[in-house]
Every structure is written in C-alpha cells, then in structure tokens.
Amino acid sequence: TPSNVNWKKRRIRGEIFAKDINQWVPYSFPFPNVVYNRIQDRIHEDTESSQLCIQRFLSKPGITLFNPGFFNKGKINSILSNSPIIKKYIPETKALLSKTDLINMLKRHNTIYLKPTNARLGTGIIRVVNSQSQKLYTMHYYAHNEDLKEYRAQNIHLLWNKIRQEMIQCPYIVQQAISLAAVSTCPFDCRVLVQKNHQGLWKISGLGIRIAAHSQSLTTHVPRGGRIGTAKVVLQLAFPQLRPNIVEQRIHQLCIATAKRLEKHYTLGEMSIDVGLDHNGYPWIFEANSKPMKFDEPAIREKQLGQVIRYSQFLTFSRILK
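Position numbers for residues count from 1 along each chain, tracking the sequence in the order it is written. This being a predicted model, a pLDDT of at least 70 is required before a residue's local features are given, and a value of 80 or more before pairs of side-chain atoms are given or counted; all residues contribute to the totals for chains, interfaces and linings. Calculation of side-chain values draws on the structure's entire complement of heavy atoms; hydrogens and water are dropped beforehand.

**Comments concerning the pattern of salt bridges**
Just to be clear on terms, a salt bridge is a Lys or Arg side-chain nitrogen sitting within 4 Å of an Asp or Glu carboxyl oxygen. Tallied over the full model, the rule gives nine salt bridges. When the shortest N-O distance is used, the salt bridge between Glu-45 and Lys-291 registers 2.7 Å. Of this pair, Glu-45 sits in helix H1 (residues 42–45) while Lys-291 sits in the loop between strand S17 (283–289) and helix H8 (298–320), and the two are 246 residues apart along the sequence. For the pair shown, Glu-45 and Lys-291 are each scored as buried. With its nearest N and O atoms 2.8 Å apart, the salt bridge here joins Glu-92 to Arg-108. Counting from the N terminus, the helices are DSSP H or I runs at least four residues long and the strands are E runs at least two residues long. Exposed residues in this analysis have more than 50% of their type's maximum accessible area, buried residues have under 20%, and partly exposed residues fall in between, with area computed by a 1.4 Å probe over protein chains only.

**A short note on the environment of Gly-122**
Within the secondary structure layout, Gly-122 lies in the loop between strand S7 (111–116) and strand S8 (126–131). Sequence spacing of Gly-122 and Arg-261 is 139 residues, and the spatial spacing of their C-alpha atoms is 25 Å. Between two residues, a contact is recorded if the distance between any of their heavy atoms is within 4.5 Å. Every residue in contact with Gly-122, bar those within four places of it in the chain, is listed here: Tyr-142, Thr-219, His-221 and Arg-224.

**With respect to the nonpolar core**
Joining through side-chain atoms within 4.5 Å is the link that ties buried Ala, Val, Leu, Ile, Met, Phe, Trp, Tyr and Cys residues into a set, and such a set is a nonpolar core. In this structure, Phe-188, Val-192, Val-194, Phe-239, Ile-251 and Leu-262 are the most contacted members of the largest nonpolar core, which totals 39 residues. Of all the elements in the fold, those that place two or more residues in this core are helix H3 (73–81), strand S13 (186–196), strand S14 (202–211), helix H6 (231–238), helix H7 (244–263), strand S16 (270–277) and S17. Broken down by element, this core gets its largest block of residues, seven residues, from H7. Setting aside its immediate chain neighbours within four residues, Leu-262 contacts Phe-71, Ile-76, Ile-79, Leu-80, Leu-268, Met-271 and Ala-288. If you look at the next biggest cluster of nonpolar residues, it comprises 19 residues, including Ile-112, Ile-126, Tyr-141 and Leu-159.

**Some thoughts on the pairing of S17**
Consecutive residues of a regular strand have side chains that alternate between opposite faces of the sheet. Counting buried positions along S17 yields seven of seven residues, so the element is predominantly enclosed. We treat two strands as partners when DSSP finds at least two bridges between them. Relative to S17, S16 is paired through six bridges, and the arrangement is antiparallel. Across the sheet, residue Leu-277 finds its bridge partner in S17, namely Pro-283. Between S16 and S17, which pair antiparallel and follow one another directly, the connecting turn spans five residues, one of which, Gly-281, has a positive phi of 80 degrees.

These figures come from the coordinates and say nothing about function on their own.
This is the structure in structure tokens:
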C-alpha cells in the first residue's frame, strides 16, 4: 500500500513467503524495476495517497508502472469506436445524460441496457424493453436485496422516473442490446484474458465462458447466479453449424486488435475483455477491464500469474540492455 513505501530510503515494507516455517513474514524490499497497479476498487484508487504513489512511481527513473488505473466505460467506447476495424463490433453506445438520450436510443433499438461507467459485477445495470405493439416499457433491474425485479411503465415519463430511482450514484451509458447466443435458453458470453508475453507481445492467455442463470438474467457473472462453461463444449452446442475453432479465432483476432488499440492510450500489460456472441457466431465487445478479476479456471489463473512475471522480466531486461 502507499503507506508501505519509504521514498527517502527507497524501500518498501511487504511480506515474503518463508518455506521453512510455511508462512508469510514481514520483509523490507528495495524499489522494484516494475510496478503493477492492482488496487482492487475505485474508492481506494481515487484517494490522494494512492494517486500520489502512482504518480511518483510513474515519474521514477528506472521503474516501469503499467495499468495505472481503472478504465472508464465511456472513454473506452469512444477510443474503440474511432477504429474503423473495431467499431463495427461494438454495440451502439451513448452517454446517458437526460431522458432525451433514453428516448432516442429506444427509437432505434427495442432493447437497451443502461450501465454505470464505474461499476463492476453488474451493479446498477438496467435493461429496458420497448414493446411498441403494446405501447409498454418493461424494465429489469437488481433490487437492493439483489433480487431481479421487473417494472412496467405505460409511458416514457414513468419509465424515466423509475430509472432515476434505481440508478446508482455514477455516470451512465445507454447501450444497444445484442441478442446473445444461448445454451438451453440461457445466454452466455466470454471473458477473454489478453496479456503481454516475455517478448512484450499481446497474446490470449485464456477464454472463459460464463452462462447466465436463466433467460432473463441481466448479467452472466457467477456471483449473480451464472455458471462456468468451457469454450469447446459451449461453442459446439451454441453453433453446431460452425467449428468452435472458427468462432474462437474471431474472438482472438478482435481482442488482440482491441488491446493494441487501447495500448495507444494507456500503458498496459494485461486486460480482460467481455465479449458477446450473436446467433451467427460473430463477436461483440461489451467491456474492457484494466484490472482482470481472478479467473475461476485454474489453468487460466496459473497462466495469468506466470505471464505477469514474464512480462515484468521483459520490461526489466529491455530497460537494462538499452
């Protein structure tokens, strides 16, 4: 933590694992060659002490700091939408600043999502379906007790009032909904881990499948009732007319292109990308995260940890050899 750093002595208080006694023990370390910002929530990252610590490491000669902060959904969408190659794989997304933004999006899309720009695990997410034939708006959201709730409104004004009640204290975007491929009526999406390797090149370290708890779920997150699937099995079930490796190849190519695009704006060593697949097996980018959460798949988790070390070695020795 920032309080563990002694800038005058260039030492950091931490812990090291002692095999002989099988436990972690306090230790004083010299300054490292590489720093990876793994602060796990925005509240702590935005504190003055954290920001000062990050900026001081960024300015220290001989030290490389990567993944300096959380992504903002709106800014990431803007960067990717300016890429002629990537923008066709991004659902239409706008900032939600007023009721007019909601109305305009519902004119173009029957189903939309409202997403907070600075939240995780589906917190604050809202889905709206416009049943034009019935002149009815149906809204789904997670209540404070985490239950999935439904609200129906006869007009846009009632809908907007309810939306404002359920929004969390955070800027929002409004996004076109993609009709996702499903397994046994349960939609699924992909969480793709993209990392730099020992040569400083972007590679795919893992592709995890998350299947929603039921057909109406707002997210596929495991804490929200989602379950884990393997790419080989799920893609074969969802796209029997396609070879799974073809669908995987599409995902890999899009995610590598996305990482390269974002790298032009951020110093990055890894990221996770949430990708949805439509019924034709084509990928859509929903979100990119600069602090990938722990993958539940042991093989992906092991590769993730090793790749971070290998990339850090690359940064260290490429700097030494300059």
